[in-house]
Amino acid sequence: MKNDDIDDSSAPLIEHLAELRTRLIRSVLAFGVGMILCFTVAEPILRFLSEPIAEVLRARGEDPRLIFTAPQEKFFVLVRISFIGGFALAFPVIAHQLWRFVAPGLYKSEKNAFLPFIIASPALFLMGAAFAHFVVTPLAMNFFIGFSDAIPALATILTGGEVGTVAETGPRSELSTVFLGSVRESLDLSLKFIFAFGLCFQLPVLLTLMGKAGLVSARGLADVRKYAMVAILTVAAVVTPPDVITQLILFTVVYGLYEISILLVRRVERKRNQALREAGLLDEDEADA
């Protein structure tokens, strides 16, 4: 256990509180700098986040524009983008400060165990966010916007009329609807997808950490596979729009991550059993059981 000792930093409580204050101040300063930097480029970020809906509108032959219905709406949208972007930019600094505060209380083996997860977690979140932005959001936007055309077209076909646009048939006396996208509402929907998929992609990290802590096992996860499928389908129905395609995409991706998690937990168990066998604390029969 000599090489696995806790770092020599047995400071009194006051010193720990002073260090915590220093770490928090540095994290807040990093967040403030990141927020200011993001505010200077908030408009391009907004255009990037709005690109999926713009592509849908271009494909429909419509003007790819979003509106704001209050004088302050766009300003607060840019502030919100700056807030989220600032946190993303400052996250490496915040994670480093958190690690520097927590690491002295960990064994060296625990540090080596947790460090890969600290790196993998933001990487998986970015993968989930990218998947949501480039795959899921366009499908959802196309469903929602196209839904306004699908019902009138179906009604026209059922009543034996001809399907046509206003430009083709001329002015009509009946009430019609047209999509005028709000900047705030469109951004909210895009961010919901990004955060939902980003969090769902954390599943391997969460289950593997629980496996390291002995809270779950590979056999246990495999035994509750059918219940996990139901839970994943429920989550997919809640966080995605009411179209089957998007829900199936989320279900397929998250269930794939669940199966990967089982393999990772099984690998963790093999390493733990191997270490116990080498220490003479576990025999072959117990390891196989």
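Quick notes on the rules
- Residues numbered from 1 in each chain as written.
- Predicted model: local features only at pLDDT ≥ 70, side-chain atom pairs only at ≥ 80, totals over all residues.
- Heavy atoms only, no water.
- UniProt positions renumbered as here; feature names shortened; annotations may be inferred.
- Helix = DSSP H or I, 4+ residues; strand = E, 2+ residues; numbered from the N terminus.
- Buried < 20%, exposed > 50% of the residue type's maximum accessible area, 1.4 Å probe, protein only.
- Contact = heavy atoms within 4.5 Å.
- pLDDT = per-residue confidence, 0-100.
- Core = buried A, V, L, I, M, F, W, Y, C linked by side-chain atoms within 4.5 Å.
- Phe/Tyr/Trp six-rings, centres within 6.5 Å; stacked < 30°, edge-to-face > 60°.
- Patch = residues over 30% accessible without salt bridge, like charges linked within 9 Å, V, L, I, M, F, W, Y side chains within 5 Å.
- Areas by Shrake-Rupley, 256 points an atom, 1.4 Å probe, with all protein chains shown as cover.
- Salt bridge = Lys/Arg side-chain N within 4 Å of Asp/Glu carboxyl O.
- Axes fitted to C-alpha atoms, helices over the stretch in contact; angles between N-to-C directions.
- Parallel < 35°, antiparallel > 145°, perpendicular 65-115°, else oblique.
- Nonpolar A, V, L, I, M, F, W, Y, C, P; charged D, E, K, R; others polar.

Under an unreviewed UniProt entry, the name given to the protein is Sec-independent protein translocase protein TatC, and the source organism is Plastorhodobacter daqingensis. Of the comments in the UniProt record for the protein, the one headed Subunit (unreviewed entry) reads "The Tat system comprises two distinct complexes: a TatABC complex, containing multiple copies of TatA, TatB and TatC subunits, and a separate TatA complex, containing only TatA subunits. Substrates initially bind to the TatABC complex, which probably triggers association of the separate TatA complex to form the active translocon."

Caption draft 1: Representation of the overall build of the protein within the structure. The helix and strand inventory of the protein stands at 11 helices and two strands. Across the protein, helices and strands are ordered from the amino to the carboxyl terminus as α-α-β-α-α-α-β-α-α-α-α-α-α. Per-residue burial over the protein gives 31% buried out of 289 residues. For the protein, the share of sequence-separated contacts (at least 6 apart) that also reach a separation of at least 24 residues comes to 81%.

Caption draft 2: Structural detail: the UniProt feature "transmembrane region" (unreviewed entry) in the protein. UniProt marks residues 24–42, 75–94, 114–136, 193–215, 227–242 and 248–265 with the feature "transmembrane region" (unreviewed entry), using the numbering shown here. Helix makes up 100% of residues 114–136 and strand 0%. Its end C-alpha atoms lie 31 Å apart. Note that residues 193–215 is 78% helix and 0% strand, and that its end C-alpha atoms are spaced 30 Å apart.

Caption draft 3: Structural view of the confidence of the model for the protein. Mean pLDDT over the protein: 78, with 78% of residues reaching 70 or higher. Contacts for the low-pLDDT stretch residues 165–170, under 50 throughout, to residues beyond four places or in other chains number three contacts.

Caption draft 4: Highlighting the nonpolar core. Of all hydrophobic cores here, the largest spans 40 residues; its most connected members are L46, L187, L221 and Y258. Those elements that provide at least two residues to this core are α2 (42–59), α3 (73–102), α4 (108–158), α6 (183–200), α7 (203–212), α8 (218–223), α9 (225–239) and α10 (244–278). Here this core gets 10 residues from one element, more than from any other, and that element is α10. Once residues within four sequence positions are removed from consideration, L46 is found in contact with K74, V77, L78, I81, V183 and L187. Counting five residues, the second-largest nonpolar core is a separate cluster that includes I53, V56, L57 and M141.

Caption draft 5: The packing of aromatic side chains, seen in detail. Tallied over the entire structure, the rule returns 10 aromatic pairs. Arranged with centres 5.4 Å apart and planes meeting at 75°, the rings of F75 and F76 form a pair that is edge-to-face. Three or more aromatic residues link up through ring pairs in this structure, and these residues are F39, F75 and F76.

Caption draft 6: The arrangement of a nonpolar patch on the surface in detail. On the surface, a nonpolar cluster with roughly 500 Å² of combined accessible area is contributed by L13, I14, L17, L20 and L24. Here L13 falls in the exposed class, since its relative accessible area comes to 61%.

Caption draft 7: Quick look at the pattern of salt bridges. Enumeration over the complete set of coordinates arrives at eight salt bridges. Residue E43 pairs with K74 through a salt bridge whose shortest N-O separation is 3.1 Å. Pair noted here: E43 is in helix α2 and K74 is in helix α3, with a separation of 31 residues, a long-range link. Residue K74 is classed as partly exposed on the basis of its relative accessible area, which comes to 27%. Here D188 makes a salt bridge to R184, at a shortest N to O gap of 4.0 Å.

Caption draft 8: Geometry of the packing of α2 against α6. The geometry of α2 relative to α6 is characterised by a closest axis approach of 10 Å and an angle of 85° between their N-to-C directions. As far as their axial angle goes, α6 and α2 are roughly perpendicular. In contact with L46, L49 and I53 of α2, α6 contributes V183, S186, L187, S190, L191 and I194. Across the contact of α2 with α6, the residue classes break down as seven nonpolar, two polar and no charged.

Caption draft 9: Quick peek at the environment of K212. Within the fold, K212 resides in helix α7. For K212, a relative accessible area of 38% gives the class partly exposed. Each C-alpha atom, one on K212 and one on F114, is 9.9 Å from the other, the two residues being 98 residues apart in sequence.

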